[in-house]
Amino acid sequence: MTMSKQTHIVGVDLGTTSTTAIIAEAHEGELEVLGVGVAASSGVRKGAVVNPEAAADPIREAVEEAERMSGLVAESVYVSMSGTLLRGVNNHGVTAITHSDHHITHADIRRVIETASLVTLPGGYEIIDIHPQEYIVDGQDGINDPIEMLGTRLEVRAHIITGPMTLRRNVIAAVNRAGLLVAGVVLEPIAAAEAILTHDEREYGSVVINIGGETTSLAIYQRGAVQHTAIFPLGGSHFTSDIAFGLRTPIADAERIKREQGCVTPSLAMELDRTTVNVPAMGHRPSRTLSREILCQILQPRAEEMLHQVRDELRRSGFERQLSSGAIFTGGGALLKGLPALAEHILDYPARLGEPQQVRGIAGERPSALLTTALGLVLMGCRGRRLPQAATHHPPGRLLARTAARVRHWLSDLF
Ligand SMILES: Nc1ncnc2c1ncn2[C@@H]1O[C@H](COP(=O)(O)OP(=O)(O)OP(=O)(O)O)[C@@H](O)[C@H]1O
Ligand SMILES: [Mg+2]
């Protein structure tokens, strides 16, 4: 297959459990996935790359698999970023339009976003990403694109992601060590939302809840923009260790039992096909047969703990009563049976498992919930969304440049 380098986009989801690479092309407004590669992650803890050297091998492995499948070569990639130390804050910026004709220009937008990005940062923290939510021109709010509008006062509201400087640098270092350039770095729940939210869900209010291996991340959307983000240190691996501990079975068996027979509502367990679970024991002891209801009784409290944390975060966000399109789950941890139903009960919203939108070519043995973040990354690339990081291989000094200079650099990339 011969194709020009520019036509395909590569996304790499650097997860705690697995590293997933997707190579895709845009065709008539739809994304066609041409290659998928998955490798077991290393060097990632609670969503954050802690050892770039260790994280590079699975990146290389996953990308090579996707390259083989697609017959294409990856050079620069959009990569996900996560970590429980990341914080999302909303801020407001304002600037005067002083030129004589009062037409708003790209330079005015750059300036107003720069004022919105003046947030107080703890020592060692930096701004990682800026997502404009709306512009306000002479008091008129709800404007998505003010270019060429007439005005004297331009305001912006923006969601700003901040985090320790080392977090993003480690992600870039891992990708570079795998021999690839970085086209953009995107917060995981924002990439996931890109893949699964419909236009209406984005507009009328919804929350994407991505349950990974060691983290659960969420992103609230309303009026077409991200309004709130959060990441907790609780994920699918906690369910696995609860089974291993509760049923005294090795981790690998607990993981298999969870995937094949796990369920978070014991009453549902009785309605399912297999009502008993074969549990291998530690050491040389014989395996046991238990009721599936017992397995689900072990999983339910953890699911409730997770959903209560999500509910508390939604309350803190101030958007709890404004999410008319409800909760959309994704990530491997969301594949646990009964989770959306339990979420409806606890969150009091309609809840469902997300389905990738406008994507073809992913039918296969892997559930799409495991591919969502990587799909969102390629979608962001394909839709020409400008992302605030230039391709790398920059010397480290450049990556540590002062925040103000960085913001200017991103802004020039945004437009
Ligand atoms: N069928 C399934 N049923 C229940 N859980 C599952 C299933 N398939 C995968 N999981 C769980 O999903 C988790 C991994 O999900 P995912 O690949 O989205 O995480 P990750 O991106 O590697 O981690 P993170 O987002 O925390 O960095 C694991 O805990 C795994 O046990
Ligand atoms: Mg993940």
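Shown above is the structure to which this text applies.
Keep in mind the model is a prediction, meaning the values are calculated, not measured.

Draft legend 1. Spotlight on the sheet that holds strand β8 (residues 125-137). One open sheet accounts for four strands, arranged β7-β10-β8-β9; its pairing is antiparallel. Lying at the two open borders of the sheet, with one neighbouring strand each, are β7 (87-96) and β9 (140-143). Strand-to-strand twist across the sheet, computed as the mean angle between neighbouring axes with direction ignored, equals 40°. Bridge analysis of β8 against β9 gives two bridges, and the strand direction is antiparallel. Across the sheet, residue Val 137 finds its bridge partner in β9, namely Gln 140. Along the sheet, helix α3 (residues 165-177) makes contact with β8 and β10 (153-164), crossing β10 at roughly 75°.

Draft legend 2. Layout of the site of ligand 1. In the neighbourhood of ligand 1, 22 residues make up the surrounding shell, with Thr 16, Thr 17, Thr 215, Glu 255 and Lys 258 lying closest. At a separation of 2.7 Å, an oxygen atom of ligand 1 approaches a polar side-chain atom of Thr 215. Relative to its unbound accessible surface of 650 Å², ligand 1 loses 94% to contact with the protein. Those elements that provide at least two residues to the shell around ligand 1 are α6 (236-247) and α7 (251-261). Counting residues domain by domain, the shell around ligand 1 receives three or more from each of domain 1 (1-197 + 357-415) and domain 2 (204-351).

Draft legend 3. The pairing of β8, seen in detail. In terms of residue burial, β8 counts as a mostly covered element, since 12 of its 13 residues are buried. Here β8 runs beside β10; their pairing, made up of 11 bridges, is antiparallel. In the sheet register, Ile 130 faces β10, and the bridge partner there is Ile 160. Where β8 hands over to β9, the hairpin turn is made up of two residues, of which Asp 138 adopts a positive phi near 45°.

Draft legend 4. Quick peek at the sheet that holds strand β14 (residues 225-232). Taken in spatial order, the five strands line up as β14-β13-β12-β17-β18 in an open sheet, and their pairing is mixed. Each end of this open sheet is capped by a strand with a single partner; those strands are β14 and β18 (351-353). Pairs of neighbouring strands in the sheet enclose a mean axial angle of 20°, with direction left out of account. Two strands pair when backbone bridges link them, and strand β12 (residues 206-211) and strand β13 (residues 216-222) are joined in this way by six bridges, in the antiparallel orientation. Bridge assignment links Ile 211 to a residue of β13, and that residue is Thr 216.

Draft legend 5. How the structure looks around the pattern of salt bridges. Across all of its chains, the model carries 18 salt bridges by this definition. For Glu 126, the salt bridge goes to Arg 168, with nearest N and O atoms at 3.8 Å. Highlighted residues: Glu 126 in strand β8 and Arg 168 in helix α3, separated in sequence by 42 residues. Note on Glu 126: relative accessible area 5%, which makes it buried. With a closest N to O distance of 3.0 Å, Arg 302 and Glu 305 form a salt bridge. With a gap of three residues between them, Arg 302 and Glu 305 both fall in helix α9 (residues 292-317), about one helical turn apart. Since its relative accessible area comes to 35%, Glu 305 is described here as partly exposed. Residues joined in a network through salt bridges with shared partners are Asp 242, Arg 302 and Glu 305.

Draft legend 6. View of a nonpolar patch on the surface. A surface patch of nonpolar side chains, about 200 Å² in accessible area, is lined by Leu 335, Leu 353 and Leu 370. Considering the arrangement of structural elements, one finds Leu 353 in strand β18. Residue class for Leu 353 comes out partly exposed when judged on its relative accessible area of 31%.

Draft legend 7. Examining α9 more closely. The end-to-end C-alpha distance of α9, which contains 26 residues, comes to 37 Å, matching closely the 38 Å that a straight helix rising 1.5 Å per residue would cover. By the largest-angle criterion, Leu 299 marks the main kink of α9, which is about 25°, and a proline, Pro 301, follows within four residues. At the N-terminal boundary of α9, the capping side chain belongs to Ser 291, with an oxygen 3.0 Å from the backbone nitrogen of Glu 293. Remark: Gly 318 follows α9 within two positions and exhibits a positive phi of approximately 85°.

Draft legend 8. Inspection of the state of the cysteines at higher detail. Inspection of every chain in the model, using the stated rule, returns zero disulfides. Its sulfur unpaired, Cys 296 is 3.7 Å from the next cysteine sulfur, which belongs to Cys 263.

Conventions adopted
- Residues numbered from 1 in each chain as written.
- Chains lettered and ligands numbered in written order.
- Predicted model: local features only at pLDDT ≥ 70, side-chain atom pairs only at ≥ 80, totals over all residues.
- Heavy atoms only, no water.
- Pairing = 2+ DSSP bridges.
- Helix = DSSP H or I, 4+ residues; strand = E, 2+ residues; numbered from the N terminus.
- Axes fitted to C-alpha atoms, helices over the stretch in contact; angles between N-to-C directions.
- Contact = heavy atoms within 4.5 Å.
- Near = heavy atom within 4 Å.
- Polar contact = N/O pair within 3.5 Å; in protein donor to acceptor, adjacent residues only side chain to side chain.
- Areas by Shrake-Rupley, 256 points an atom, 1.4 Å probe, with all protein chains shown as cover.
- Domains from an automatic or database assignment.
- Buried < 20%, exposed > 50% of the residue type's maximum accessible area, 1.4 Å probe, protein only.
- Salt bridge = Lys/Arg side-chain N within 4 Å of Asp/Glu carboxyl O.
- Patch = residues over 30% accessible without salt bridge, like charges linked within 9 Å, V, L, I, M, F, W, Y side chains within 5 Å.
- Expected span 1.5 Å × (residues − 1).
- Bend = angle between axes of the 7 residues up to and from the residue.
- Disulfide = S-S within 2.5 Å.

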